[in-house]
Structure formats: structure tokens, C-alpha cells
Amino acid sequence: MTDFVLRRAGALAADLRKVDLVWVIILLIPLLIWMLDPLQVREVLEIALSALASTAPYILVAVAMIGMLKATGAEGVIAAAFKGQETRMIVLAALVGGLAPFCSCEVIPFVAALLAAGAPLAAVMAFWLASPLMDPPTFAITAGVLGPEFAIGKTIAAVTLGLMGGFAVKAMVGLGAFADPLKARKTSCCGCGTNPFTGKPHWRFWEEADRRRAFRDAGIENGVFLLKWMSLAYLLEGLLIMYVPADRIATVVGGEGLWPIVVGAFVGAPAYLNGYAAPALIDGLMDKGMSDGAAMSFLVAGAVSSIPAMAAVFALVKRPVFALYLALGIGGAILSGVIFAATLSVMA
């Protein structure tokens with residue numbers, strides 16, 4: 001009898017682990033509002049559904065971009081940035097980092113292969129800092145939700161942060177730091193991803209059945225992923241609009257000066273969802289009085305310090321390199337917020 005109960009408990013626990021917590025939260029939010037404040041549930045849902053509908057074209061563009069990048073095998077093009085003279089590598093790594101079509105899991109074996117092949121830590125750091133900040137789908141969604149100035153500003157911040165980090169590491173390595181930056185690793189992270197130095201992209205992917213299938217599978221997988229996170233983000237935005245007083249948000253991250261930007265960076269680190277959902281959350285905060293500079297610092301710091309981005313770095317390098325990664329990310333986020341706010345002020 002005891003063995004039966006234990007087996008049933010184990011099976012139940014295994015089933016529960018398969019449940020996606022994000023979908024559960026999406027269902028629970030309107031249910032809890034209906035139970036606690038039934039008169040407001042319709043308005044929260046209308047805010048979320050209206051925002052989701054307005055963003056739908058950008059989600060479709062993002063899904064198409066991801067599917068195309070996967071189907072063509074364009075990942076192999078990125079490795080070309082890590083060949084040649086070190087300064088050239090840093091510049092190219094920062095530039096292509098914003099276009100890298102990698103999931104957070106694929107970054108680990110890709111970067112591990114680069115470092116194992118002798119790519120300089122400075123160039124890899126430039127790529128690492130720029131890559132989580134921006135990619136084509138994130139650009140499309142950010143532009144659709146927050147406007148093109150935020151999408152362009154974040155792209156510039158990604159490249160600038162990559163350059164800043166790459167050349168900072170280059171200078172420190174020249175002084176004798178980070179002589180042995182890598183942790184000892186026995187296996188790759190999860191088996192996904194390929195050797196970055198092999199394979200050529202096939203741009204006419206529709207000519208091959210396997211590539212058409214890859215386009216379809218990536219499109220479905222990422223379409224569901226985006227729908228899930230954007231739905232959660234817009235529900236949270238609805239909650240912000242309905243229940244959080246505007247003056248409280250404005251007091252902390254509104255107004256002029258450096259302090260709101262610094263707060264935005266340090267709040268963004270733990271509160272960030274992902275590059276696709278964060279713009280919707282920021283949109284709600286800005287409606288409540290969050291400043292432009294604080295919004296940009298939130299976006300940049302949160303992307304660098306998100307769990308997938310940090311896991312990719314922490315899995316490969318020793319603590320001093322990881323600490324430098326975080327310091328560069330937070331410092332670069334604050335600087336990005338200051339410059340973005342100043343630029344908008346001049347343009348106004």
C-alpha cells in the first residue's frame with residue numbers, strides 16, 4: 001500500500017512538473033480579480049486583449065524572422081566575426097551580437113566552442129553583452145509597443161555596451177587579469193546548438209523539405225512562446241493601470257535626474273520578464289509616470305541580468321568574469337538611460 005501511494009505521488013509530481021507555470025498564472029489572474037473585485041475583471045481583460053491585438057502584427061513579424069533564421073541555418077554566419085585581429089573581432093562581435101538568432105540554451109555551446117577554439121575573451125564578452133539585448137524579433141516588438149525611438153535606442157545601447165565590455169576586458173587581460181577565465185566543463189549544456197565553425201546558411205530554405213519543416217516548427221514554437229509571455233505582460237500591465245497609483249510609480253522612477261535611471265536599472269534586474277514581454281510591462285509603467293531614461297535603463301539592465309543570460313555566462317566562466325559581466329551590464333544600463341534621456345530632451 002505504501003509503495004502504491006509513493007508511486008502515485010511520484011507520478012503526480014511528474015505531471016505537475018510538466019505544467020507551464022506561466023499559463024497557470026495567466027488563468028489565475030482574471031480568476032482572482034473576479035473573486036476579489038468582480039467589477040474590474042472585464043476592464044483588465046479589455047486592456048490586455050486590446051494591447052495584444054495591437055501588437056499582433058509585430059508578433060507575426062517576429063515569428064517569421066525566428067523561423068527564417070532557424071530554417072536557413074544563419075547561426076553559422078556569426079562565427080565569422082570571431083576570426084582575425086582582436087580589435088576587429090570585438091567590433092564585429094558587438095555588431096552581430098544584436099542580430100544573433102540564438103535561444104539562451106544555444107548561447108552556451110556556441111560560446112564554449114568559440115572559447116575552446118581560442119577566440120579572445122574580450123570578443124566573446126562583447127558578443128555576450130550585446131546578444132541578450134536585441135535581435136530582430138525583439139526590435140519589431142519593442143518598436144510596436146514602445147515606439148521606434150526605444151527600439152533604435154536599445155539597439156545602439158546593445159552595440160555600445162558590447163564595445164565597452166569588449167575593450168574593457170581587452171585592457172584588463174593586457175594587465176594580466178583573467179588568465180584562466182573558464183570553469184572546467186565535462187559536457188555541453190543541453191545538446192542544442194551546433195559547432196559554430198561548420199555549416200553554411202541556405203537562404204532559399206523553402207526548396208528543402210527539412211528546412212521548411214524547421215521554419216514551421218520554429219514558427220509554431222515561438223508563436224506559442226510569444227503569445228504566452230505577451231499575454232502575461234499585458235495582464236500585468238492591466239493590473240498596473242487599474243490598481244497601482246500613478247504617483248507612487250512617478251515618485252520612484254519618474255521625473256528628471258540620475259536617481260530614477262539608477263533605480264530603473266536595479267529594479268529591472270530582478271523584475272525583467274524577457275525581451276518580448278518587457279516592453280509591455282514598461283509601457284504600463286510609463287503610463288504611470290516612469291521616465292524615458294529609467295525605462296531604457298530597465299530594459300538594458302534587465303536583459304543583461306535575466307536568468308537565461310546570466311546562466312549562460314555563469315555556466316562557463318569563473319566568478320571574477322561573471323562579476324565583471326554584471327558590473328558592465330548594470331553600469332552600461334545606467335549610462336544608456338542617461339544618454340537616451342538626454343537625446344530625447346535635445347530632440348524635443
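Note that the coordinates shown come from a computational prediction; the quantities given were computed from them, not determined experimentally.

A. Geometry of the overall build of the protein. A count of helical and extended segments in the protein gives 16 helices and zero strands. Expressed as a percentage of the 348 residues in the protein, the buried residues total 45%. Within the protein, residue pairs in contact and separated by at least 24 positions form 83% of the contacts whose partners lie at least 6 positions apart.

B. Representation of the packing of aromatic side chains within the structure. Taken as a whole, this structure holds four aromatic pairs when the rule is applied. Residues Phe150 and Phe340 carry aromatic rings whose centres are separated by 4.8 Å and whose planes lie at 55° to one another, so their mutual orientation is tilted. Of this pair, Phe150 sits in helix α9 (residues 148-174) while Phe340 sits in helix α16 (residues 319-347), and the two are 190 residues apart along the sequence. Just as Phe150 is buried, Phe340 falls in that class too. With a centroid separation of 6.4 Å and 55° between ring planes, the pair formed by Phe225 and Trp229 is classed as tilted. With Phe225 and Trp229 both in helix α10 (residues 209-243) and four residues apart, this pair spans about one turn of that helix. On the basis of relative accessible area, Phe225 is assigned to the partly exposed category, the value being 29%.

About the thresholds
- Residues numbered from 1 in each chain as written.
- Predicted model: local features only at pLDDT ≥ 70, side-chain atom pairs only at ≥ 80, totals over all residues.
- Heavy atoms only, no water.
- Helix = DSSP H or I, 4+ residues; strand = E, 2+ residues; numbered from the N terminus.
- Buried < 20%, exposed > 50% of the residue type's maximum accessible area, 1.4 Å probe, protein only.
- Contact = heavy atoms within 4.5 Å.
- Phe/Tyr/Trp six-rings, centres within 6.5 Å; stacked < 30°, edge-to-face > 60°.

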